[in-house]
Amino acid sequence: MSIVVGYIPTPEGEAAFERAIAEASKAAAKLVVVNSSRGDAVVDQRFAQEEQIAALQSRLDAAEVEHVLLQPLRGHDAAEEVLDAAESHGAELIVIGLRKRSPVGKLIMGSTAQRILLEARCPVLAVKAG
Amino acid sequence: MTTIASRLKGRAELGFAALLGAVGAAVLIDASRLAVPYSQSDPVGPKTVPFIVGGLLVVCAVLLVVDVLRGGRGEAEGGEDVDLTHPTDWRTVLPLLAAFVLNILIIDIAGWVISGALLFYGSVWALGSRRYVRDVIISVALSLATFYGFYLGLGIRLPAGFLTGVL
Amino acid sequence: MDTLNLLMQGFATAATPMNLLYAFLGVLLGTAVGVLPGIGPAMAVALLLPLTYGLEPTSAFIMFAGIYYGGMYGGSTTSILLNTPGESATVITAIEGHRMAKAGRAAQALATAAIGSFVAGTIGTALLVAFAPPVVDFAVSLGPSSYLAIMVLAFIAVTAILGSSKLRGFASLGLGLAIGLVGIDPVTGQQRLVFGQPLLADGLDVIVVAVAIFAVGEALWIAAHLRRNPLSTIPVGRPWMGKQDWKRSWKPWLRGTAYGFPFGALPAGGAEVPTFLSYVTEKRLSKHKEEFGHGAIEGVAGPEAANNASAAGTLTPMLALGLPTNATAAVMLAAFTQYGIQPGPLLFDNEPDLVWALIASLFIGNTLLLLINLPLAPLWAKLLQIPRPYLYAGILFFATLGAYAVNLQAFDLAILLVLGLLGFAMRRFGLPILPLVIGLILGPRAEGQLRKALQLSGGDVAGLWSEPIAIGVYIAVAALLALPLVLALVRRRRPQAAAALAAAEGPTAAAAAVAEEPATDRAAARDRAAATDQAAAPDQAAAPDRAAAPAPEERQPHHKDSHSHEKESL
């Protein structure tokens, strides 16, 4: 069994990551960390760089959970990549971070989280930044 | 496999040398057709410089062939946003060129607003964007804005084409 | 009237609200363009040319000047925040600048770059004011044979020095000259390379060619090799500097300026060599040598100043002689012709208002750059998040629009496509772009001078070297052509040094190797600067100079390797 977490280097992403580690060690599940980018801009602040990945890696090692770190660059949306990973790893749970937004902001922005919530085939745990 | 790839690359460069030679030959042939009226005020005449230029190109073409056959390779230009580790991505370039050619063919008939929007949309698609709705909106907005911007701001009337009377 | 008076008048013209607005727009656009990947100042000016047809030439050039200086500045922002230097001129800035940013001193790096650019740009422009009039006085006395010689020097310098392959440089030059031939011969009225196409009879529009080569060719080339992995920028606040930073920056700024200006004024001198020399000098003179390689502020301040001073230096031959030494200057010269203004030494006499307003606007633009960029730096970094498809589709869109707007005929777009493909092929097969552009712009003028020179001598070929200046310049040309031989000899004599470099491991060894060089380099730089001021380089002066100059290309990779090596071991 496995748990998929969508990671971005923000407080929300961190919160999701922390919670996912906790869930994974509780259930002795494999943790699949997905940090994707469409790769269509020179700079994507949501794409973790080498040092950040190394930091994640050491935290995962310290928590002693079985894990996979994915950084797909296929021009797909983050939602697609998370759902894809959940599908292929047969995930039992998806953990995502959620930003606080006003209803108007939600209307304009569209949302990765919304798509995951609507399309996932397994339970989704939405975490907010502390 | 690498040898085939490198041989192909070499041939492509020979093609470029051939192009250089052809341009040089064209310059030389064209120059040889020029009439040179004897004139005290122009001892150089219209032929001299074309002959020098054509000669330079032909010599360069020959030397390039020699260089390529001896294993010389042009160093592809790098850049901030250029990744030379993968080969030329024709699946991006060819659709881009198609969008460009389409624009040339229809701009006078369909008008800039339509052809320009198609050009932008086609290019964005070729370059890998798949956010269809947003792309269409941006394309149309951009071509409309430039049409009116040129007309009102610079007094240049871009062709309205099918939309004459509407715009 | 004396220079100062003229300059004051220039300020009066440049400081009208409308012209200030154009300067502001230019600086803004230039910086944006410098920050964005894939667009350089040459492409920006080419793309904007058609849009400025409705403007007074003075306003248009004020805007172009802003774009030019802004572009230089924008490039340094990306190299500090991203470590992906867009132009070769900012490669050196990236070495220390990016390390400073990683060490949490991005704000100081950006500040020293901005203020250094301002200082160097201002001093450089002042030097331009001081040097341009005497150069013009000197140039006016020259006959056509000397002009021809100087243009030949420009051709050879651009072709033989830049790029890794001279053969490919000459091929590019030949293509440019051939494109320049298209149209009606001005003397005999005969059609050349027109092939019966009435639309070709007026010649190829320089703007269309420039847009094709710089914009279409570049966009296609990038599209063929799109990078897929994104980077992340280092977050910055508003740039600022502490007292210590000021103390460590001001001398490098001045020294960098001293390197940059003369090199910029040289044909093909460019910004690479002076930025490198400045880096090496600062490293040697610094009291904080141990910081080099870990983000030393001197290593940002000096090269950035050198970069901007060279931009100012470039304008000296461009305005005083009509001689472009880099791509942006070449496109700006094309713009002069587009407005029906004849570039050359008579420009100062014929268009004093334009020239002095342009120079005054350089001072203004420089100040605006400083005022705009210090607060806006974080915003510029955001520009890098624009998705690539929009960026490059936008370049193609505006290239098409601009080329079409020139004559409103689809035929120009076909030319745009053909030459765009040529630009693509040139990038693929390693042909440098600059010789083509210089050939295109100077070719027709060189032919005119050749014919005039021989007309004066009554057809006697000796008329080509009838003036002492012409002879001197041809000697310099011969020296340039002989350089590769000298270079090969020098290389053969110094194999130990190369071996030592190759064997060097870890940052300190490579860094030490870089530091060995400066004395000879600096002496050479001075020789070289002196040589061009007289437009006639004796070959002894030029030869050792060139021998020292390629050092940056040779050593940089080692230097960088040592950094990545270090990174891996961390």
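For clarity, every value in this text was computed on a predicted model and none was experimentally measured. Counting restarts for each chain: residues are numbered from 1 in the order of the written sequence. Written order determines the labels here, with chains lettered from A and ligands numbered from 1. Owing to the predicted nature of the model, reporting of local features is limited to residues with pLDDT of at least 70; listing and counting of side-chain atom pairs is limited to 80 or more, with chain, interface and lining totals taken over all residues. As a rule here, side-chain values cover all heavy atoms of the structure and leave hydrogens and water aside.

What about the overall build of chain A?
A run of H or I in DSSP becomes a helix once it reaches four residues, and a run of E becomes a strand once it reaches two; helices and strands are each numbered from the N terminus. Helix and strand counts for chain A stand at five helices and five strands. Taken over the C-alpha atoms alone, chain A extends approximately 40 × 30 × 30 Å along its principal axes. Relative accessibility decides the category of a residue: with a 1.4 Å probe and only protein chains considered, values under 20% of the type maximum give buried, values over 50% give exposed, and everything between is partly exposed. Among the 130 residues that make up chain A, the fraction classed as buried is 41%. Here the contacts in chain A between residues at least 6 apart in sequence split such that 76% fall between residues at least 24 apart. Note on areas: Shrake-Rupley, 1.4 Å probe, and residue coverage restricted to the protein chains presented here. Carbon and sulfur atoms make up 53% of the accessible area of chain A, which totals about 6700 Å². By the counting scheme adopted, Arg and Lys are positive, Glu and Asp are negative, and His together with the chain ends is not counted. Charge placement uses NZ in Lys and CZ in Arg. For Asp and Glu, CG and CD serve respectively. Across chain A, the 14 positively charged side chains and the 18 negatively charged ones have centroids separated by 8 Å. Whether two residues are in contact is decided by their heavy atoms: any pair within 4.5 Å suffices.

Section: the packing of helix α5 (residues 91–140) of chain C against helix α10 (residues 272–285) of chain C
All names here are of chain C. Interaxial angle, 0 to 180 degrees, is taken between N-to-C directions of lines fitted to C-alpha atoms, where a helix line uses only the stretch in contact. Running from N to C, α5 and α10 point in directions that differ by 35°, and their axes come no closer than 8 Å. For the pair α5 and α10, the contacting residues are Ile-92, Ile-95 and Glu-96 in the first and Thr-275, Phe-276 and Tyr-279 in the second. Taken together, the residues that form the contact of α5 with α10 break down as four nonpolar, one polar and one charged. Asp, Glu, Lys and Arg are counted as charged, while Ala, Val, Leu, Ile, Met, Phe, Trp, Tyr, Cys and Pro are counted as nonpolar; the rest, among them Gly, fall into the polar class.

As for the interface of chain A and chain C
Contacts between the two partners involve twelve residues from chain A, matched on the other side by 16 residues from chain C. Of the roughly 1300 Å² buried between chain A and chain C on both sides combined, carbon and sulfur atoms contribute 53%. One side-chain nitrogen of Lys or Arg within 4 Å of one carboxyl oxygen of Asp or Glu is enough to make a salt bridge. Viewed at the interface, chain C and chain A are joined by one salt bridge. Where Lys-102 of chain C meets Glu-51 of chain A, a salt bridge forms, and the shortest distance between an N and an O atom there is 3.7 Å. We define a polar contact as two N or O atoms separated by no more than 3.5 Å, with the added condition that, inside protein, one atom must be a possible hydrogen donor and the other a possible acceptor, whereas residues neighbouring each other in sequence contribute only through side-chain atom pairs. Taken together, the links from chain A to chain C amount to zero residue pairs in polar contact (both at pLDDT 80 or more). Classifying every residue of the side of chain A that touches chain C by side-chain character gives five nonpolar, four polar and three charged. Buried area: the accessible area, evaluated with a 1.4 Å probe, that two parts lose upon being put together, summed over both parts.

Some details on the pattern of salt bridges
Oppositely charged side chains can pair when the atoms bearing their charge come close. Counting across every chain of the model gives 21 salt bridges over all chains. Here Arg-168 of chain C and Asp-67 of chain B are joined by a salt bridge, their closest N and O atoms 3.0 Å apart. Here the residue Arg-168 of chain C occupies a position in helix α7 (residues 166–181), and Asp-67 of chain B occupies one in helix α2 (residues 48–69), the pair thus bridging two chains. Residue classification places Asp-67 of chain B among the partly exposed positions, given a relative accessible area of 24%. Measuring nitrogen to oxygen at the nearest pair gives 3.3 Å for the salt bridge that ties Glu-447 of chain C to Arg-451 of chain C. One end of the pair, Glu-447 of chain C, and the other, Arg-451 of chain C, are both in helix α17 (residues 434–456), four residues apart, so they sit about a helical turn from each other. Across this residue pair, the class does not change: Glu-447 of chain C and Arg-451 of chain C are buried.

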